[in-house]
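Coordinate analysis (summary)
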Amino acid sequence: MQTELTKALFAQMLSGALAKIEANFDYLNQLDSATGDGDHGTAILSTMKAAVEASKQEESFSQTLNNIGWGIMSATGGSTSSLNGSFYLGMSEAVSSESLDPAEVSKMFSSGLTNVQGMTQAKKGDKTLMDAMIPAVESMKLTLINKPDVSLNELFQNAATAAEKGAADTENMIAKMGRAKNLGERSRGHRDAGATSFALILSAFAETLSE
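To start, this report covers the structure provided alongside it.

Rules and cut-offs
- Residues numbered from 1 in each chain as written.
- Predicted model: local features only at pLDDT ≥ 70, side-chain atom pairs only at ≥ 80, totals over all residues.
- Heavy atoms only, no water.
- Helix = DSSP H or I, 4+ residues; strand = E, 2+ residues; numbered from the N terminus.
- Buried < 20%, exposed > 50% of the residue type's maximum accessible area, 1.4 Å probe, protein only.
- Contact = heavy atoms within 4.5 Å.
- Phe/Tyr/Trp six-rings, centres within 6.5 Å; stacked < 30°, edge-to-face > 60°.
- Expected span 1.5 Å × (residues − 1).
- Polar contact = N/O pair within 3.5 Å; in protein donor to acceptor, adjacent residues only side chain to side chain.
- Axes fitted to C-alpha atoms, helices over the stretch in contact; angles between N-to-C directions.
- Left-handed = near helix turned anticlockwise from the far one by under 90°.
- Nonpolar A, V, L, I, M, F, W, Y, C, P; charged D, E, K, R; others polar.
- Core = buried A, V, L, I, M, F, W, Y, C linked by side-chain atoms within 4.5 Å.

**Examining the side chain of N29**
Note that N29 resides in helix α2 (residues 25-35). Residue N29 is classed as buried on the basis of its relative accessible area of 14%. The contact partners of N29, leaving out residues within four places of it in the chain, are G38, D39, H40, G41 and T42.

In structure tokens, the structure reads:
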């Protein structure tokens, strides 16, 4: 069981996430075609490729996260790159050592969420990325309250489960943000692509830790 997150381990997790996104590329584009431009799979794949590439640089953990954030923002246009990039930039601000225990990992993810919330007015229930990201971060905090000595494996597994539930819940929501908002009631019945891709990434993180 993993007890500390290092830059090298996080790089492995990102590689796992890239493979997961590649495997779901068509699915994510199909989801987005129902309520958006139909290119979310293309956009998130570009951001994950940029993240993996940036993670290879010989920098501190904090600087690597910063590089990942800027790499993602430069990968493609639109909200996918700006929101996901800001998530990693926010995480970098909470990292001050090269090895993080579960409590520090939770703070890192919380800082990432805070930075994203400064970029968007979207909240839980708006049928966006936030419907997966917020539950994942909240899960980490709750897991640590209930089990202070939790392993990284369990921390991420719980977060991945929360993110997937949040993404699944978007199927019954009416979009309140972005282009999908214009569809009104017609947006119901479709999962949000951004929430789904974030849930897939968290799932890949958890799977890498369990290997």
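On we go from here.
**Regarding the packing of aromatic side chains**
The final tally for this structure, using the stated rule, is eight aromatic pairs. For the pair F10 and Y88, a centre-to-centre distance of 6.4 Å together with 55° between the ring planes defines the contact as tilted. Of the two residues, F10 sits in helix α1 (residues 7-23) while Y88 sits in helix α5 (residues 79-92), which places them 78 residues apart along the sequence. A residue is classified by how much of its surface remains accessible, and Y88, at 4% relative accessible area, is buried. Taking 5.5 Å as the distance between ring centres and 75° as the angle between the ring planes, the aromatic pair formed by F109 and F156 counts as edge-to-face. With F109 in helix α6 (residues 102-117) and F156 in helix α8 (residues 152-169), the pair connects residues that are 47 residues apart, well separated along the chain.

**Comments concerning α6**
The first and last C-alpha atoms of α6 sit 23 Å apart over 16 residues, in line with the 22 Å expected at 1.5 Å per residue. Between the side-chain oxygen at the start of α6 and the backbone nitrogen of A103 there is a gap of 3.1 Å, and the oxygen is on D101.

**Digging into unusual backbone geometry**
Phi angles above zero are rare outside glycine, and K127 is one such case at about 65°. Counting through the fold element by element, K127 comes out in the loop between α6 and α7 (130-146). Given a relative accessible area of 5%, K127 falls into the buried group.

**Considerations on the packing of α7 against α8**
A pair of packed helices is characterised by two quantities: the angle between their axes and the separation of those axes. One way to put it is that α7 packs onto α8 with a least axis distance of 7 Å and a crossing angle of 145°. Considering how the two elements wind past one another, α7 and α8 form a crossing that is right-handed. From α7, D131, A132, P135, A136, S139, M140, T143 and L144 reach across to α8, where they touch L155, F156, N158, A159, A162, A163, G166 and A167. Counted by class, the contact of α7 with α8 contains 11 nonpolar, four polar and one charged residues.

**Here we look at the nonpolar core**
Within soluble globular proteins, side chains that are nonpolar tend to cluster in buried spots. In this structure, L5, F10, Y88, F109, F156 and F205 are the most contacted members of the largest nonpolar core, which totals 60 residues. Once residues within four sequence positions are removed from consideration, F10 is found in contact with L5, F61, L65, I68, Y88, M91 and F205.

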